[in-house]
Amino acid sequence: MDHSMLIIAGLGNPGSKYAGNRHNIGFMAVDAIQRRPGFSPWSKKFKAEISEGELAGEKVLLMKPQTFMNLSGEAVGEAMRFYKLGPQNIIAIYDELDLPAGKARIKTGGGHGGHNGVKSLDAHCGKEYRRLRLGIGHPGAKELVHNHVLGDFAKADQAWLSPLLDALADNAEMLVKAEDSQLMNKLALAVGGKPDEEKPKAQKPQSPKPAGKSHIHQARGGAKPNLPTTGPMADMLKKMFGGKGE
């Protein structure tokens, strides 16, 4: 009975046919972590491929369920019960349609967003596990989703995919220590983003940083175009919008 153990489960479909699919970014992520020093070669157990190692002084079991995506929870649930762990000892890594390609987000619990692997984990493990969601972008129309997720990453995607997975592997300790904002910053920087750039600005009142005031102001205004503030056009807009600015 070992409560200091953590299961990091990447979601995907087994077999070479699916290996390059966007839907398999979870497998790709745990593969990247497994290549770090100190992880055992992949072996088969719990209806999964597993590798044992240590991160930040914690025992870690990497898992790639081999049940096919929509039964992923069977494999993870079996390992969870074998080690007498709870959902709080599980981190699932999977593809997220609702995030732009290369963006990452981490949270505990929440909805499944239509993801069949996540639905299965919810059913077999409970919902309060941590979820590292890796954005694969949305193809734009519902009927294109199936081909998008079960399609291979495009050549252009390699520009962010490799750096993202490398950064995740290099900073996997942060994942284990739940240093989530630091990890998100590392991943954002790896794909050429700004640290934590997509936090909704309105939620926490920001103390204006002296140098970047105009930038913060623009960001907080969201998608509003820069409207003229003086002249006849401005007067007209003031009448229309009540002149309250934001």
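Above this text you will find the structure in question.
These lines cover the structure that appears in this document, whether it is placed above or below. (Residues numbered from 1 in each chain as written. Predicted model: local features only at pLDDT ≥ 70, side-chain atom pairs only at ≥ 80, totals over all residues. Heavy atoms only, no water.)

On to unusual backbone geometry. Of note in this structure, A56 is not a glycine but carries a positive phi near 50°. With respect to the helices and strands, the residue A56 is situated in the loop between β3 (48-55) and β4 (58-65). At A178, a residue that is not glycine, the phi angle is positive and equals roughly 60°. If you trace the backbone, A178 turns up in the loop between α6 (172-176) and α7 (180-190). (Helix = DSSP H or I, 4+ residues; strand = E, 2+ residues; numbered from the N terminus.)

This part is about the side chain of H23. Considering the arrangement of structural elements, one finds H23 in the loop between β1 (5-10) and α1 (25-34). A residue is classified by how much of its surface remains accessible, and H23, at 11% relative accessible area, is buried. Only 2.8 Å separates the side chain of H23 from the side chain of D95, close enough to count as a polar contact. Those residues in contact with H23 that lie beyond four places of it in its chain are L11, G12, N13, M69, D95, H115, V149 and L150. (Buried < 20%, exposed > 50% of the residue type's maximum accessible area, 1.4 Å probe, protein only. Polar contact = N/O pair within 3.5 Å; in protein donor to acceptor, adjacent residues only side chain to side chain. Contact = heavy atoms within 4.5 Å.)

Moving on, we get to the side chain of R131. Position of R131 relative to the elements: it lies in strand β7 (residues 130-135). Separated by 3.4 Å, the side chain of R131 and the backbone oxygen of G111 make a polar contact. Leaving out residues up to four positions away in the same chain, R131 has contacts with A92, Y94, R105, I106, K107, G109, G110, G111, V118 and D122.

Within a pair of aromatic rings, the relevant descriptors are the distance that separates the centres and the angle that separates the planes. This structure, assessed with the given rule, holds 5 aromatic pairs. Relative to Y83, the ring of F46 has its centre 5.8 Å away and its plane inclined at 65°; by these criteria the two rings are edge-to-face. Placement of F46 in the loop between β2 (43-45) and β3 and of Y83 in the loop between α2 (72-82) and β5 (90-96) is noted, with a sequence separation of 37 residues between them. Considered together, F46 and Y83 belong to a single accessibility category, that of buried residues. Clustering of aromatic rings is evident, with ring pairs tying together F46, F82 and Y83. Seen from the ring of F27, K64 lies directly overhead, with NZ or CZ sitting 5.8 Å from the centre. Over the aromatic face of W42 sits the side chain of K64, whose NZ or CZ is 4.3 Å from the ring centroid. (Phe/Tyr/Trp six-rings, centres within 6.5 Å; stacked < 30°, edge-to-face > 60°. Lys NZ or Arg CZ within 6 Å of the ring centre and 35° of its normal.)

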